[in-house]
Amino acid sequence: MKGRKTCETLKAIRLEIAKANDIEYTPCQCRHKGTCKGTCPACEQEVEYLEQQLKQHAISGKTIVLTGVATS
């Protein structure tokens, strides 16, 4: 269950970053079977998408907003 909690936390962080930067982002529903380590190919694709969008913001001269997060 720790991996699933990690996955949900990371999705929430990505969502906050997307909202703060006006990026359209809808986290996908986890379809991973078995023991989850907290990341999967779908999660990695979401990270790549978000990074790409942030780079586009930077190239176009927009300010990039990052959020501070603490987890326990």
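Our subject is the structure that appears above.
Residues numbered from 1 in each chain as written. Predicted model: local features only at pLDDT ≥ 70, side-chain atom pairs only at ≥ 80, totals over all residues. Heavy atoms only, no water.

**Describing the pattern of salt bridges**
What counts, and what does not: Salt bridge, as used here, is a side-chain nitrogen of Lys or Arg placed within 4 Å of a carboxyl oxygen of Asp or Glu. Put simply, DSSP marks the helices as runs of H or I at least four residues long and the strands as runs of E at least two long, and each gets a number from the N terminus on. Buried, partly exposed and exposed residues are distinguished by accessible area as a fraction of the type maximum, computed with a 1.4 Å probe on protein chains only: under 20%, between the cut-offs, and over 50%, respectively.
One pass over the structure, following the stated rule, counts 2 salt bridges. For Glu-46, the salt bridge is made with Lys-11, and the minimal N-O distance between the two is 3.6 Å. Of this pair, Glu-46 sits in helix 2 (residues 41-59) while Lys-11 sits in helix 1 (residues 2-20); the two residues are 35 residues apart in sequence, bridging distant segments of the chain. With a relative accessible area of 8%, Glu-46 lands in the buried category.

**Things to note about unusual backbone geometry**
The backbone of Asp-22 sits at a positive phi, close to 55°, despite the residue not being glycine. Summarising the element assignment, Asp-22 is placed in the loop between helix 1 and helix 2.

**With respect to helix 1**
Filter applied, for reference: Expected helix span is given by 1.5 Å per residue-to-residue step, counting one fewer step than there are residues. Note: the arc covers the axis-to-C-beta directions of the helix. We call two residues in contact whenever any of their non-hydrogen atoms come within 4.5 Å of each other.
Taking 1.5 Å per residue, 19 residues should reach 27 Å; helix 1 reaches 27 Å between its end C-alpha atoms and fits that length. Inspection of helix 1 places Gly-3, Cys-7, Lys-11, Arg-14, Ile-17 and Ala-18 among the buried residues, and these make up the whole buried set. In an axial view of helix 1, the angular spread of the buried residues amounts to 125°, which keeps them on one side of the axis. Away from its buried face, by an angle of more than 90 degrees, helix 1 presents the exposed residues Lys-2, Lys-5 and Lys-19. As for helix 1, its buried residues are in contact with helix 2. Directly after helix 1, the chain includes Asp-22, whose backbone phi takes a positive value near 55°.

**Observations concerning the environment of Arg-31**
Looking at the secondary structure, you find Arg-31 in the loop between helix 1 and helix 2. Classification of Arg-31 as exposed rests on a relative accessible area of 66%. For the pair Arg-31 and Ala-42, spaced 11 residues apart in sequence, the C-alpha separation works out to 8.7 Å.

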